[in-house]
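Remarks on the overall topology
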Amino acid sequence: AKLTVLEQGVRTFLVPSGQAANAIAALPFLKSGDKILIADTAYPPMRDFANQDLARFGVEVAYYDPVSIEDLTAKIDDRTKLVWCESPGSTTMEIQDLPAIAAVAHRPGALVGCDNTWATPLNYMPLALGADIVTEALTKYVSGHSDLLMGSVTV
Ligand SMILES: *Cc1c(COP(=O)(O)O)cnc(C)c1O
């Protein structure tokens, strides 16, 4: 309930890890023949999940430049069901323009998911900026003491 308030969402699901949160956020919306567009700075295990597991299920996996709306616009199509964001992005810390990304994604009916682990909801509120789903690796800043393995998905 506290995370739902912080994220300005409607409901939060707790899962066993941050990586589980990302997988559980993506899986319900993708089936064989669909496409997912992932920010090129996404957390590497999210890339592995997409490249290995989603691809094995027949989902097309493609990456876009996290700071180029032009690149996203060129790559999105009617088969794209999920645009995955991470802001700041792992390792290189790009900040994404979520309102602009959401406008491009929602036009063909894709949902926008955002891994908010680096910022936490104290610094960045993806749902308020147009995302449909936000995930947190609670394992990191939110738990604070390196003694917890948990993730959240807020919608
Ligand atoms: C660590 C991390 C995760 C995964 O969290 P775990 O609880 O270790 O599975 C997901 N996203 C980002 C950005 C992370 O840094």
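The coordinates are above.
Position labels on residues start from 1 in each chain and follow its written sequence. Local features in this predicted model are restricted to residues whose pLDDT is 70 or higher, and side-chain atom pairs enter the listing and the counts only when it is 80 or higher, whereas totals over whole chains, interfaces and linings include all residues. The basis for every side-chain value is the complete set of heavy atoms in the structure, and neither hydrogens nor water enter the calculation.

**Looking at helix α3 (residues 44-56)**
As a reminder, the rule being used: For helices the rule is a DSSP run of H or I covering at least 4 residues; for strands it is a run of E covering at least 2, with both sets numbered from the N terminus onward. An expected span of 1.5 Å times one less than the residue number is assigned to each helix. The seven residues ending at a residue and the seven starting there each receive a fitted axis; the angle between those axes is the bend at that residue. Summary of the burial criterion: residues with accessible area below 20% of their type's maximum are buried, those above 50% are exposed, and those between are partly exposed, where the area comes from a 1.4 Å probe applied to protein chains only. Residues count as neighbours in contact if any of their non-hydrogen atoms are within 4.5 Å of one another.
The end-to-end C-alpha distance of α3, which contains 13 residues, comes to 18 Å, matching closely the 18 Å that a straight helix rising 1.5 Å per residue would cover. Residue A50 marks the point of greatest curvature in α3, where the axis turns by about 30 degrees. Inspection of α3 places M46, F49, A50 and L54 among the buried residues, and these make up the whole buried set. For α3, the secondary structure elements touched by its buried residues are α2 (18-26), β2 (35-39), β3 (60-64) and β4 (80-86).

**With respect to the packing of aromatic side chains**
Basically, it comes down to this: Pairs were defined over the aromatic rings of Phe, Tyr and Trp, the Trp ring being its six-membered one, requiring ring centres within 6.5 Å. Orientation was assigned from the angle between planes: stacked under 30 degrees, edge-to-face over 60, tilted for the rest. By definition here, charges over rings are those cases where NZ of Lys or CZ of Arg is within 6 Å of the ring centre and within 35 degrees of the ring normal.
According to the stated counting rule, one finds zero aromatic pairs in the structure shown. One residue, R47, lies across the ring of Y63, its end atom 4.1 Å from the ring centre.

**Description of the pattern of salt bridges**
Side-chain pairs of opposite charge can arise whenever the charged atoms involved come near each other. For clarity, the threshold we go by: Any Lys or Arg side-chain nitrogen located within 4 Å of an Asp or Glu carboxyl oxygen qualifies as a salt bridge.
Across all of its chains, the model carries eight salt bridges by this definition. What emerges from the salt-bridge pattern is a single network uniting K35, E60, D77 and R79.

**Focus: the nonpolar core**
Filter applied, for reference: Nine residue types can take part in a nonpolar core, namely buried Ala, Val, Leu, Ile, Met, Phe, Trp, Tyr and Cys, and a core is a set of them joined through side-chain atoms within 4.5 Å.
Grouped together as the largest cluster of nonpolar side chains are 20 residues, with contacts concentrated most on L30, I36, I38, L54, L82 and W84. Top contributing element to this core by residue count: α2, with five residues. In this view, L30 contacts K35, I36, L54, V59, K81 and L82; residues no more than four positions away in its chain are not counted. Counting residues in each nonpolar core, the second largest holds 19 residues, with L37, V83, V112 and C114 among its members.

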